[in-house]
Each structure stands twice: as structure tokens, then as C-alpha cells.
Amino acid sequence: MSESMLKKLAKPMIVFATLIWGSTFFILKDTLDDVDLMFLMAFRFGFAAVLLGLVFWKRWRIIDRSYWWRGGLLGVFMFVGYAVQNYGLMDTTPGKNAFFTAVYCVIVPFLYWAVDKLRPSRFNVLAAVLCVAGIGLVSWDGGIALTRGDLMTLCAGFVYACHIVAVAKFSKDRDAVLLSILQFASAALCFCVGTAFTRGLPTQGLSLNAWLVLLYLAVFGTTIGQLFQNVGQKYTDPSSAALLLSLEAPFGVAFSVAFGAESPGGLMYLGFALIFLAVVCSETQFKFLRRAPAKEEE
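Structural notes, computed from the coordinates.

Each value, and the rule that gives it
- Sequence order as written defines the numbering, with residues in each chain counted from 1.
- At least 70 in pLDDT is required for a residue's local features to be given in this predicted model, at least 80 for side-chain atom pairs to be given and counted, and no such filter applies to totals for whole chains, interfaces and linings, which use all residues.
- Hydrogens and water molecules were not included; the side-chain quantities draw on all heavy atoms of the structure.
- Elements are defined by DSSP. Helices are runs of H or I of four residues or more, strands are runs of E of two residues or more, and each kind is numbered from the N terminus.
- Using a 1.4 Å probe on the protein chains alone, a residue whose accessible area is under 20% of its type maximum counts as buried, one over 50% counts as exposed, and one in between counts as partly exposed.
- Any pair of residues with heavy atoms lying within 4.5 Å of one another is described as a contacting pair.
- Each accessible area value is a Shrake-Rupley result obtained with a 1.4 Å probe; residue values ignore everything except the protein chains displayed when judging cover.
- Whenever a helix is involved, its axis is fitted only over the stretch in contact; in every case the axis is a line through C-alpha atoms, and angles between N-to-C directions fall within 0 to 180 degrees.
- Here is the rule for angles: anything less than 35 degrees is roughly parallel, anything more than 145 is roughly antiparallel, 65 through 115 is roughly perpendicular, and the remaining ranges are oblique.
- Left-handed describes a crossing whose near helix is turned anticlockwise from the far helix by less than a right angle; the clockwise case is right-handed.
- Ten residues, namely Ala, Val, Leu, Ile, Met, Phe, Trp, Tyr, Cys and Pro, are considered nonpolar, four, namely Asp, Glu, Lys and Arg, are considered charged, and the remaining ones, Gly among them, are considered polar.
- Between the first and last residue of a helix there are one fewer steps than residues, each counted as 1.5 Å, and that sum is the expected span.
- What counts as a ring pair is set by centres within 6.5 Å for rings of Phe, Tyr and Trp (its six-membered ring), and what kind of pair is set by the plane angle: stacked under 30 degrees, edge-to-face over 60, tilted for all other angles.
- The criterion is that NZ of a Lys, or CZ of an Arg, lies within 6 Å of the ring centre and within 35 degrees of the ring normal, and then a charge sits over that ring.
- Each cavity reported here is a set of points on a 1 Å grid over the protein atoms alone in which a 1.4 Å probe fits but cannot get out, each pocket an open set with protein on both sides within 12 Å along at least five of seven lines, and each lining residue one with an atom within 4 Å of a point.
- Grid points are joined across faces, edges and corners, and a volume is the space filled by probe spheres set on the points.
- Basic side-chain nitrogens of Lys or Arg form a salt bridge, by our definition, when they fall within 4 Å of a carboxyl oxygen of Asp or Glu.
- Here, nonpolar core means buried Ala, Val, Leu, Ile, Met, Phe, Trp, Tyr and Cys residues that are tied together by side-chain atoms lying within 4.5 Å of each other.
- We call a pair of cysteine sulfur atoms a disulfide whenever their separation is within 2.5 Å.

Points about the overall build of the chain
Of the regular secondary structure elements, the chain holds twelve helices and zero strands. In sequence order, the secondary structure elements of the chain are arranged as α-α-α-α-α-α-α-α-α-α-α-α. Looking at the chain residue by residue over its 298 residues, the buried ones come to 49%. If you take every contact in the chain between residues at least 6 apart in sequence, the share linking residues at least 24 apart comes to 88%. In the form shown here, the chain has an accessible surface area of approximately 15,300 Å², with 66% of it arising from carbon and sulfur atoms.

Quick look at the packing of helix α1 (residues 3-31) against helix α3 (residues 65-89)
Packing of α1 against α3 leaves a shortest axis separation of 9 Å and a crossing angle of 65°. Comparing their axes, α3 and α1 come out roughly perpendicular. Viewed along their axes, α1 and α3 form a crossing whose handedness is right-handed. Contacts from F25, L28 and K29 in α1 reach Q85, N86 and L89 in α3. For the contact of α1 with α3, the per-class residue count stands at three nonpolar, two polar and one charged.

Quick look at helix α12 (residues 266-284)
Over its 19 residues, α12 runs 27 Å from end to end, which matches the ideal 27 Å to within 8%, given 1.5 Å per residue. Of all the positions in α12, only M268, G271, F272, L274, I275, A278, V279, V280, C281, S282 and T284 are classed as buried. Q285 occupies a position one or two residues after α12 and carries a positive phi of about 55°.

Considering the packing of aromatic side chains
Overall, the coordinates contain ten aromatic pairs when judged by the stated rule. Measuring from ring centre to ring centre gives 6.1 Å for F45 and F191, while their planes differ by 5°; the resulting arrangement is stacked. On the criterion of sequence distance, the pair formed by F45 in helix α2 (residues 37-55) and F191 in helix α8 (residues 176-194) is long-range, its members being 146 residues apart. The rings of F45, F79, Y82, Y160, F184 and F191 are connected pair by pair, giving a single aromatic cluster. Residue placement shows R44 over the ring face of F45; its charged tip is 5.7 Å from the ring centre.

Concerning empty space enclosed by the protein
In total, this model carries one cavity of 30 Å³ or more according to the counting rule given. Of the volumes computed, that of the largest cavity is approximately 40 Å³. In terms of lining, the largest cavity is formed by L52, V177, S180, T223, Q226, L227 and N230. At the level of secondary structure, the elements contributing two or more residues to the lining of the largest cavity comprise α8 and α9 (208-234). Per element, the largest residue contribution to the lining of the largest cavity is four residues, and it comes from α9. Here the residues of the lining of the largest cavity sort into three nonpolar, four polar and no charged.

Side note on the pattern of salt bridges
As enumerated under the stated definition, the model contains one salt bridge in all. Between K96 and D150 there is a salt bridge whose closest N-O contact spans 3.0 Å. With K96 in helix α4 (residues 94-101) and D150 in helix α7 (residues 148-170), this pair connects stretches of sequence that are 54 residues apart. Residue K96 is classed as buried on the basis of its relative accessible area of 9%.

Structural notes on the side chain of Q85
Among the secondary structure elements, Q85 is positioned in helix α3. Excluding anything up to four places from it in sequence, Q85 contacts F25, N97, T101, T153, A156 and Y160.

Describing the nonpolar core
Counting 33 residues, the largest nonpolar core has L40, M41, F45, F184 and F191 as the members making the most contacts within it. Mapped onto this core, the elements with two or more residues apiece are α1, α2, α3, α8 and α9. The element that contributes the greatest number of residues to this core is α2, accounting for eleven residues. When near neighbours in sequence (up to four residues on either side) are disregarded, F184 contacts F45, A48, A49, L52, M78, T222 and Q226. V103, F123, A249 and V280 belong to the second-largest nonpolar core, a separate cluster that totals 23 residues.

Details of the environment of P94
With respect to the helices and strands, P94 occurs in helix α4. Separated by 64 residues in the primary sequence, P94 and D30 place their C-alpha atoms 9.8 Å from one another.

Re the state of the cysteines
Cysteine pairs can be covalently joined through their sulfur atoms, and such a bond is termed a disulfide. Inspection of the entire model under this criterion finds zero disulfides. No disulfide involves C190; its nearest neighbouring cysteine sulfur is the one of C192, lying 9.3 Å away.

Put into C-alpha cells, the structure is as follows:
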């Protein structure tokens, strides 16, 4: 595919990726009752690692020792984040799980402050205030009523923020696709070990519906979604890309409501709107609203 065509398809690819990820919340909610989480995630990331490894087999020529430990550590972050988030999903709604996970966008600038001494901007502080207010409204039930699942999801958001900071530190001068393959493989290995402490591998076989869900999560939710994000961001300015990626949370609620997984009230919708606004504020600083200065004619 030509460069010009990729530039035209960049933003639609990012939106499609967030649409896929938004659909996974309610799908996982139903599937986790029948399929062990550790096995499901081991299959999801293992399948994606093998598939991407075969498609991009030529990139293995450049691998060195640093790729292995970097990819391995990133995979551990991914394992912890996904495990905590999805165990939290068992005790909350798909919509709340989607929005509470999105708080990682607000946390990242403050983690960068701790790691690189880069002070957060006033927009980051505003985003934090909006996010806390949004979480309060989403959790309001005559008082703040955060469930265990909600708290676990918020913790997962913090782990995802750590993962993003680690990716930024470890991916410098490294091939992003190869690093992604290794972190998928590392995460899959961690989940395989995790099956020893849970229900483990299915002993009576899975239903056709369960296998279809596993393949959907592996092929679309991980392999295609990640690939579309990487390609789309390459040809999209950072502010626009961040705004488009934040659509994952509202898509998550939309799918959940459309398929009857939940029915949010007015305060919850307002809380979702504030969290979404916080993500947009933190990631874009509303640069997309500012007109670029007109170039003077020569």
C-alpha cells in the first residue's frame, strides 16, 4: 500500500482500532463466566505474538539481548494491567470498566514528572480535577460507592500508565513491532504460569462460541487493533491521534448499553463525559481547537 493511501487511511484505522477495543469490554464480561481469565489472556497474547512474529519474520534479524529484557519487562506490566483490569470487570459494569481504565491518560504526565522531572502543565492538573470529579459522579449512589471491581480497574489504569512510561523509555532506537511481539510473548508466558493458580486449562473443551470469542480477541482485539494503532499514529499528528484513541471509552459504554449490559443514569453519563473530557484535556491540551497562525505571503 502506498504512503499516500496510508496517510488517507490513518485516522480511520485508529478509530477502527478503538471501536474494536470498545467492543471487547462487554464480550469479556460475558465470557469470563465460562472461560478462565488466565487461559483466555494466554491464548490472546500468545496467538498475537505468533501471528505477528510470522508476518514480520524479517525483523528478527536485528534482535539483540536488549530486546529480550525490554520486551520481557513490558510484558510483565501488560500482564499485571490486563489481569487486574479483567478481574475488576467481574465486579463492575463494562462501561465503568472502560472509563475507569482510561484514567491512565491523566496519570501518565505525573509519572513522567517523577521519572524525567518534566513538570505537568496546567492542562494536566485540570484533567486530574475533571477526572476525579467524573469518577465521583459515576460512583455516586447517594454517596460515593466504588465497588471492589471499580477500585481494581482504577489500579489497572495506574499500571497501564506505568506501562506507557516504560514503553517510552525502552523503545528509543528500537523496532516498535519487534518489541511489541516480545512483550506479547512475555505477557502470554505470565498468563500461562497464572493458569496454575486458577481454573487452569479447559478440561472438558470449550464451546464454539467461546472459541469464536478467543479468536476475536486474539486476531482483532490484539493483532489487528495494535497494528492499526501503530500504523495510524505514524501518519497522524500526536494531538489528533490521542483524541481519537480516547474514543475507546465511549465506544465501550455504547456497546455495553446497546447489548443490554447496563443502563447508566444521568449522573453516570455526566461522569463519563467529565472523564472523557479529562482524557482529551490531558492528551491534547485542546490544541485541536486552536487555529494555526496564518502564514504570511512572501
